[in-house]
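Residue-level structural notes
If you want the building blocks of each chain, they are given just below.
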Amino acid sequence: MGQKAIDVLIIGAGPTGLTLACELARSGLSFRIIEKSAASQAGSRGKGIQPRSLEVFDNLGMIDTVLSHGQMGMPICSVDAAGKEAWSGLEGGEPRPDIPYPSTLVIPQWRIEEALRNHLLSHGGEVEFGVELVSFDQSLDSVDTEVVTGDGESETIRSRWLVGCDGGHSIVRKHAGFEFLGETIDDIRMIVADVRAEGVERSCWRMWRHEEGFAALCPLPSTDQFQYQASIVPSQDGELSIDNMQAILETRTRRTDIRLKDVGWRSLWRANVRMVDRYRSGRVLLAGDAAHIHSPAGGQGMNTGIQDAHNLGWKLVSVIRGASILLLNTYEEERLPVAAGVLSLSNDLLRQAIKDRGIAVKRDERTNQLSVGYRGSSLSREEGAQRALLRAGDRAPDASGLRTTSGERRLFELLRGEHFTLLCFGVHQEIDELVLKHNWLRLRAVNVVAELAMPEDVVDTAGSLHAAYAPDATPFYVIRPDGYIGLIADRISAVDTWFEAAFQSKSR
Ligand SMILES: Cc1cc2nc3c(=O)[nH]c(=O)nc-3n(C[C@H](O)[C@H](O)[C@H](O)COP(=O)(O)OP(=O)(O)OC[C@H]3O[C@@H](n4cnc5c(N)ncnc54)[C@H](O)[C@@H]3O)c2cc1C
């Protein structure tokens, strides 16, 4: 065919595909992102962004837009069958130097997608709407994908990599022959819809428990809508009409003063709990719902997809720049256990919700995803005596009050971007040479010193870097582009060895 291959073709412009596109765009790779729908999706669907995903958006440089459209720490009022109110909330505590975003952000999913699309545009990328993948063939060094547009035109796109971010019904997954193991439980259903409503305040997320099941109205920040949710028992009518939704609401709330107005996006959700047993087949990879689906209990699905993309992005970029293809095996190695853990958590929460006839809204270590890490990964190494609390594979904590030659910064600001960071405590002569050697991977040094001399120097004025990283025994940390610690070492030679082992680069 003689066609020049683009680096990556992304199928699907949901939160997973868009996050991956933003990762590739900032690295300047050639890619296309196609979406079969003619326009962007309207629904609120996943409306909880977990603290770890907020850190991903911080790293991408779009956190302010996301925060401006959502609400942190929304209060929750749960009303039991006797009309008694119990209050809780999505508040995760005060921001700390090491955890700047401790709470879940409530925000409609379409706002997240909008923010990602705008961010993509600012990097020169754009979603191709109305373009659908129909089939593909892969060879040893490329994938030929046949797509059709809304007006029936077809095109073959050659890419070095194909990433299926095409959701639970993924064609990429089916066509490449991945197993999707698990079960569909038809008896567990829920109406979810975006509605306008009168007679209910917008100051909290309200849930009503009833012997029949639950109903809930959650105000959607930056809109005048609520997300309506109601469980549907096996014998019940799951019709998605406003009359049916109003009738269910009146039964469950025992109130007639709340009036649903127009209904926008609506869906009858069925419990479907499945995941793949591998994430890559040759040059074809899966991410997000294409690889794992589960109940919305605990608000994990969209977040897990976003973090899949954040894990995969830099690895694809590194391989395209010349690292060994083996690096991509660590994507499955690291993310498959995370998906399995999320499935088990959301199953537990779903069972609890059915038992309580309510919604399981959790905000703890298991749901905020800050403790997701890769300690067992082949990329995580420790060299020398370890006295630090942190271990290789852990999320790199933030630190505030860092004096730099360009003003005061947080560590996360210095990590923002596609680069690896070598965090060094003290002055070390060999660093410049090392940074130059691994410059093709965009390695940057951050030197923690007592007095500023060079642009890469920082002074830990508040002591928060020392508190989080406890560098007494281990002055060197390699922080990966996705914000996880790859290496903790007591000598600089270990840094060079880590890069050589992790990337086994071909000649460039
Ligand atoms: C009712 C409900 C409530 C939820 N609540 C939460 C929550 O609170 N928190 C949370 O984190 N998650 C929640 N989720 C889950 C969340 O919505 C999904 O996990 C998320 O949308 C997955 O993103 P994705 O990008 O992987 O897939 P999707 O959002 O499904 O995007 C896939 C895209 O691929 C496109 N596509 C499919 N096939 C093709 C093709 N052949 N060619 C081109 N394009 C194609 C589709 O049109 C779609 O736009 C909820 C989901 C539902 C349904």
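Please refer to the structure higher up on the page.
Rules used throughout
Residues numbered from 1 in each chain as written. Predicted model: local features only at pLDDT ≥ 70, side-chain atom pairs only at ≥ 80, totals over all residues. Heavy atoms only, no water. Helix = DSSP H or I, 4+ residues; strand = E, 2+ residues; numbered from the N terminus. Rg over C-alpha atoms; globule rule 2.2 N^0.38 Å. Buried < 20%, exposed > 50% of the residue type's maximum accessible area, 1.4 Å probe, protein only. Areas by Shrake-Rupley, 256 points an atom, 1.4 Å probe, with all protein chains shown as cover. Lys, Arg positive; Asp, Glu negative; His and termini not counted. Charge placed at Lys NZ, Arg CZ, Asp CG, Glu CD. Pairing = 2+ DSSP bridges. Near = heavy atom within 4 Å. Polar contact = N/O pair within 3.5 Å; in protein donor to acceptor, adjacent residues only side chain to side chain. Nonpolar A, V, L, I, M, F, W, Y, C, P; charged D, E, K, R; others polar. Contact = heavy atoms within 4.5 Å. Axes fitted to C-alpha atoms, helices over the stretch in contact; angles between N-to-C directions. Phe/Tyr/Trp six-rings, centres within 6.5 Å; stacked < 30°, edge-to-face > 60°. Lys NZ or Arg CZ within 6 Å of the ring centre and 35° of its normal. Expected span 1.5 Å × (residues − 1).

1. Structural notes on the overall build of the protein
- A count of helices and strands for the protein gives 13 helices and 27 strands.
- For the protein, the C-alpha radius of gyration of 24 Å lies close to 23 Å, the compact-globule estimate for 508 residues.
- Overall, the C-alpha framework of the protein stretches about 75 × 60 × 35 Å when taken along its three principal axes.
- Expressed as a percentage of its 508 residues, the buried residues of the protein come to 57%.
- Put simply, the protein shows about 20400 Å² of open surface, and 49% of that area lies on carbon and sulfur atoms.
- Once the 56 positive and 69 negative side-chain charges of the protein are each reduced to a mean point, those two points are 2 Å apart.

2. Observations concerning the sheet that holds strand β3 (residues 48-49)
- A sheet is described by the order of its strands in space; here three strands give the open sequence β3-β7-β4, paired in antiparallel fashion. Two strands bound the open sheet, and with one partner strand each, they are β3 and β4 (71-72).
- Of the strand pairs in this sheet, β4 and strand β7 (residues 105-106) are connected by two bridges, and their pairing is antiparallel. Following the sheet pairing, M72 is matched in β7 by L105.

3. So, helix α2 (residues 51-60)
- Across the ten residues that make up α2, a large majority, ten, are buried.
- Taken together, the buried positions of α2 are occupied by P51, R52, S53, L54, E55, V56, F57, D58, N59 and L60.
- Note on α2: the residue one or two positions beyond its end, G61, has a positive phi of about 90°.

4. Points about the site of the ligand
- Every one of the 31 residues lining the ligand counts as a neighbour, but T16, E35, Q109, D289 and M302 are closest to it.
- Interatomic distance of 3.0 Å between a backbone N/O atom of K36 and a nitrogen atom of the ligand.
- In the model, a nitrogen atom of the ligand is placed 3.1 Å from a nitrogen or oxygen of the L133 main chain.
- Relative to its free-state accessible area of 1000 Å², the ligand is covered by the protein chains to the extent of 91%.
- For the shell around the ligand, the secondary-structure elements that each account for two or more residues are α1 (15-26), β2 (31-35), β9 (131-138) and α7 (301-321).
- Its residues assigned to classes, the shell around the ligand comprises ten nonpolar, 14 polar and seven charged.

5. Quick notes on the sheet that holds strand β12 (residues 181-198)
- One open sheet holds the eight strands; their spatial order is β6-β5-β13-β14-β15-β12-β16-β19, and the pairing between them is mixed. Single-partner strands in this sheet number two, and they are β6 (85-89) and β19 (292-293).
- Sheet topology note: the strand β14 (residues 214-219)/strand β15 (residues 226-232) ladder contains five bridges and is antiparallel. Bridge assignment links A215 to a residue of β15, and that residue is A230.
- Sheet strands in contact with helix α6 (residues 242-253) are β12, β13 (205-209), β14, β15 and β16 (259-275), and its direction is about 85° off that of β16.

6. Points about the packing of aromatic side chains
- Counting across every chain of the model gives 13 aromatic pairs.
- Each member of the aromatic cluster is reached from another via a ring pair, and the members are W314, F420, W440, W498, F499 and F503.
- For R202, the ring lying beneath its charged end belongs to F226, and the centroid distance is 4.9 Å.
- Above the face of the F178 ring, R278 is positioned so that its terminal group lies 4.7 Å from the ring centre.

7. Quick word on α7
- The end-to-end C-alpha separation of α7 is 31 Å, in line with the 30 Å expected for 21 residues at 1.5 Å each.
- Burial analysis of α7 places 21 of its 21 residues in the buried class, the great majority of the element.
- One or two positions beyond α7, positive phi appears at G322, with a value near 130°.

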